[in-house]
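Report on the structure
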Amino acid sequence: MSAATASSYLPSRLAPSIEAWSGLTTFLEKGAGAALDLAIRLWLAQIFFVSGMLKTVNWDVTVFLYTNEHPVPGLDPATAALIGTGIELLCPVFLVFGIATRFAAIPMLLTAAFLQFTYKELADHLFWMALLGFLILRGPGALSLDYFIAPHLERSAIPFGHSLCRIAAFLARFLLPPFTLAVRIWLAWLLWSVAFRAGPAAWQAAGFVLCVLLALGLATRPAALVLAGMSMFMPADIVHLGDPMLRFFMLASFVLHGAGTLSFDALLFLKARHLCPSLTGDLRWLEGAPRVVIVGAGFGGIAAAYKLRHAWANVTLIDQRNYHLFQPLLYQVATATLSPADIAVPIRAMLRGQQNCRVLMGQVTGAAPEQREVLVGNTRLPYDYLVLATGARHSYFGKDAWEAFAPGLKKVEDATAMRGRILAAFEKAEACDDGEERRRLLTFVLVGAGPTGVELAGAIAELARQGLREEFRTIDPSAARVILVQSGPLILPAFPNALSLAAMRSLTDLGVEVLTQARVVGIDADGVQIGDKRIEARTVLWTAGVMASPAGKWIEAERDNAGRIIVGPDLAVPGTTDIFAIGDTAACKGEDGKLLPGLAAVAKQQGAYIAKQIRARIERRRPPGPFRYHNYGSMATIGRKAAVADLQFVRLSGSLAWWLWGLVHVALLVDLRSRIAVVFDWFWSYLTYNRSMRLITGGESRAD
Ligand SMILES: Cc1cc2nc3c(=O)[nH]c(=O)nc-3n(C[C@H](O)[C@H](O)[C@H](O)COP(=O)(O)OP(=O)(O)OC[C@H]3O[C@@H](n4cnc5c(N)ncnc54)[C@H](O)[C@@H]3O)c2cc1C
């Protein structure tokens, strides 16, 4: 089918708003909702745990309470005190980690109910019961161990695993909706009767409307949000309103998780979904839809595929690997801080929920634009729209022979090989009797002082000075030389001069020798030649130029010196209407007329833009204007306590920039598992200097 005749499906005018709302609610529920669930668990855990601790240290008073204040029928006071205190001390631990959360929450809920109905009627007890009830029926959320275990429990050897899964599904399906409805009505009634009814007229009217909306489950999220804001102005000492924090958690839970299925919101959303077929899960609407083929599942390709999730398009995403790689942290794999799995996520898993996208693993070897086909080996894959997002590879500026002696860093295999090479150099030096050779083995030269070179140099210096301390007997790893070579006058040339100089100082503090205005003229197995100066080194790493993928050759498009396809302002390949190039494989000018740099942010924004372009063409809408890159800044880190960050409006260096760098990189990682793993590995290596990934695997060592 040709793209021009493809448009037989035209979405409703309301579709974009419904899609945006659906995206927002998904984010609120899965992202912010998970953080809220964790906060609720921690808060409840500390309440119960502190109470348990107080009871333990005042055991006589505890037994007195169970004897006179709230005796447990059928149990002698000492036993009841022991059980009650045990629940308060043990169950919170499970809640904190989110393991067996439902089991831990049940005795806690019973304790709260027991106190409420046999001891003191308090709004706090009711809030505890409501929040614990949600934990039992809905589960502990994505930031919990249960969340990771649950998908595998059903088919595991854990006793009753299958039954537990079925019970959890039953609770969520049949008990959660009426429970949520009951809590909404109770909360609306509580707020109205205690906080609003006696207030001034305007306060009363606003409170009434909001409480009715909450009870009905109509516009629940905005209503609960406003109520949460208003609740900050409610007096903190009204006992019947309960602890302000618990009240806030309850309302925030409705903001993030919504009103549940027994609500007008759910009814309206059900109706709205029919205007937006991509939300119905019915794949028949995709019959006859245009075929969009995206080659490359890097930052650009993934962004494009993801942004096309609601489009009337059959998307095929092809990559030669089965995983998406977060290249900015590759150097940490090369220096044994992170494991490859921390920064690589299976592409299929990322697009699991996207019904209109098929993922194929295969290496594209060419394209036939006249036939509108992509060649994957002997297979021909037809397309209506083609997006080339195949990235870049190393470039040795025409000196390809250097590659054998100075490997670059682009793939996971490069990083593990580099790790093996660096670690093997220390191992060989330890076993070496020849002083000259030992010096050669302990000299590391990095050619190119862009962000990768700077980050790698800092990390190798730290590994040598701290990470390997006291582990060798013959050599002193801290005596290793790390030399960073830059042909220009400054390192990090894309950064403002002040930050380049700050980075240079930080590197020098770490013991890195920085050679500027030093052009490498030769690299061989024994070292590097810089002008007439020779540096003997067994490990030379290439962190200089890159060259675009050969995608431009496939379609015989015009290319720049780095092999990038010169694209138009709409990222289309000139002379075509259905082929686009994005990311590192495209040469695109920014507003200042200069070519945009090869950055993840550029690729991502271009991927999102191109999805809009293609969708507008499919739906015969006015296409967006020319692509504009929004530069939110760039960063580079130097070791474990310094970084530089150019955020346009402010320039930072030192430890503040380092913290910012860490936060941004964790946030940008694709999935939650990677974020947790990376934070844990960083935390561990930060505190202990221990590099847990110090494995030399395969035939990666060359220092032989
Ligand atoms: C070590 C390193 C550190 C970096 N640090 C930063 C940083 O700190 N900040 C920053 O913004 N940027 C950084 N970058 C640059 C950034 O990673 C790139 O700009 C970005 O990845 C470009 O995205 P892309 O989608 O164009 O290509 P890529 O992310 O490279 O993805 C290209 C994809 O295409 C696939 N592919 C290639 N050829 C074929 C084929 N023939 N058939 C099928 N699939 C194919 C590849 O397998 C890959 O998955 C770094 C890059 C490296 C290498």
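Predicted model, so just to flag it, every value in this text is computed and none were measured. (Residues numbered from 1 in each chain as written. Predicted model: local features only at pLDDT ≥ 70, side-chain atom pairs only at ≥ 80, totals over all residues. Heavy atoms only, no water.)

Some points on the pairing of strand S1 (residues 291-295)
Here S1 lies mainly inside the structure; four of its five residues are buried. After leaving S1, the chain enters helix H12 (residues 299-307) and then returns to the sheet as strand S2 (residues 314-319), a path that is right-handed. Of the strand pairs in this sheet, S1 and strand S9 (residues 385-388) are connected by four bridges, and their pairing is parallel. Across the sheet, residue Val295 finds its bridge partner in S9, namely Leu388. (Buried < 20%, exposed > 50% of the residue type's maximum accessible area, 1.4 Å probe, protein only. Helix = DSSP H or I, 4+ residues; strand = E, 2+ residues; numbered from the N terminus. Right-handed = clockwise from strand over helix to strand, strands pointing away. Pairing = 2+ DSSP bridges.)

Brief notes about the sheet that holds strand S16 (residues 533-536)
Taken together, three strands build an open sheet; the order of strands is S14-S15-S16 and the sheet is antiparallel. A single partner strand is all that each edge strand has here, and the edge strands are strand S14 (520-524) and S16. Between one strand and the next, the sheet's axes are offset by a mean angle of 15 degrees, whatever the strand orientation. By the bridge criterion, four bridges tie S14 to strand S15 (residues 527-530) in an arrangement that is antiparallel. Residue pairing for S15: Asp524 is matched across the bridge by Gly527. (Axes fitted to C-alpha atoms, helices over the stretch in contact; angles between N-to-C directions.)

What to know about the site of the ligand
Within the structure, the ligand sits among 26 residues, and Gly300, Asp319, Gln327, Val364 and Asp584 are positioned closest to it. Note that an oxygen atom of the ligand is positioned 3.2 Å from one of the backbone N or O atoms of Phe299. Between the ligand and Asp319 there is a distance of 2.6 Å, counted from an oxygen atom to a side-chain nitrogen or oxygen. The protein chains hide 89% of the 1,000 Å² of surface that the ligand would expose on its own. (Near = heavy atom within 4 Å. Polar contact = N/O pair within 3.5 Å; in protein donor to acceptor, adjacent residues only side chain to side chain. Areas by Shrake-Rupley, 256 points an atom, 1.4 Å probe, with all protein chains shown as cover.)

What about the pattern of salt bridges?
What the rule picks out here adds up to 21 salt bridges. When the shortest N-O distance is used, the salt bridge between Arg440 and Glu437 registers 2.6 Å. With Arg440 and Glu437 both in helix H17 (residues 435-441), this residue pair falls three residues apart, about one helical turn. You'll find Arg440 and Glu437 in the same group, each marked buried. In this structure, Asp526 and Arg538 form a salt bridge, with 2.7 Å as the shortest nitrogen-oxygen distance. Within this pair, whereas Asp526 is found in the loop between S14 and S15, its partner Arg538 is found in the loop between S16 and strand S17 (539-542), the two being separated by 12 residues in sequence. Judged by its relative accessible area of 15%, Arg538 falls in the buried class. Where salt bridges share partners, they join Glu437, Arg440, Asp524, Asp526, Arg534, Glu536 and Arg538 into one cluster. (Salt bridge = Lys/Arg side-chain N within 4 Å of Asp/Glu carboxyl O.)

Side note on the confidence of the model for the protein chain
When pLDDT is averaged along the protein chain, the result is 91, and 96% of the positions lie at 70 or above. The low-confidence segment residues 1-6, where pLDDT is below 50, has 14 contacts with residues more than four positions distant or belonging to other chains. (pLDDT = per-residue confidence, 0-100. Contact = heavy atoms within 4.5 Å.)

Some points on the packing of aromatic side chains
Taken as a whole and assessed by the stated rule, the structure comprises 18 aromatic pairs. Between Tyr609 and Phe627, the ring centres sit 5.5 Å apart and the planes meet at 70 degrees, which makes this aromatic pair edge-to-face. Of this pair, Tyr609 sits in helix H21 (residues 600-618) while Phe627 is found in the loop between H21 and strand S22 (634-638), placing the two residues 18 residues apart along the sequence. When its relative accessible area of 8% is taken as the criterion, Tyr609 is described as buried. Lying across the ring of Tyr306, Arg309 places its NZ or CZ 4.2 Å from the centre. (Phe/Tyr/Trp six-rings, centres within 6.5 Å; stacked < 30°, edge-to-face > 60°. Lys NZ or Arg CZ within 6 Å of the ring centre and 35° of its normal.)

Here's the deal with the side chain of Arg247
Along the chain, Arg247 falls in helix H10 (residues 244-257). Asp243 provides the closest opposite charge to the buried, salt-bridge-free Arg247, at an N-O distance of 7.0 Å. Within the structure, the side chain of Arg247 is placed 3.3 Å from the backbone oxygen of Ser231, a separation counted as a polar contact. Among all residues touching Arg247, those that are not within four sequence positions of it are Phe127, Leu191, Ser231, Met234, Leu241 and Gly242. (Lys, Arg positive; Asp, Glu negative; His and termini not counted.)

As for the side chain of Arg41
Residue position: Arg41 is located in helix H1 (residues 15-57). Arg41 has contacts with Leu95, Val96, Phe97, Gly98, Thr101, Leu135, Pro140, Leu143 and Ser144, leaving out every residue within four places of it along the chain.

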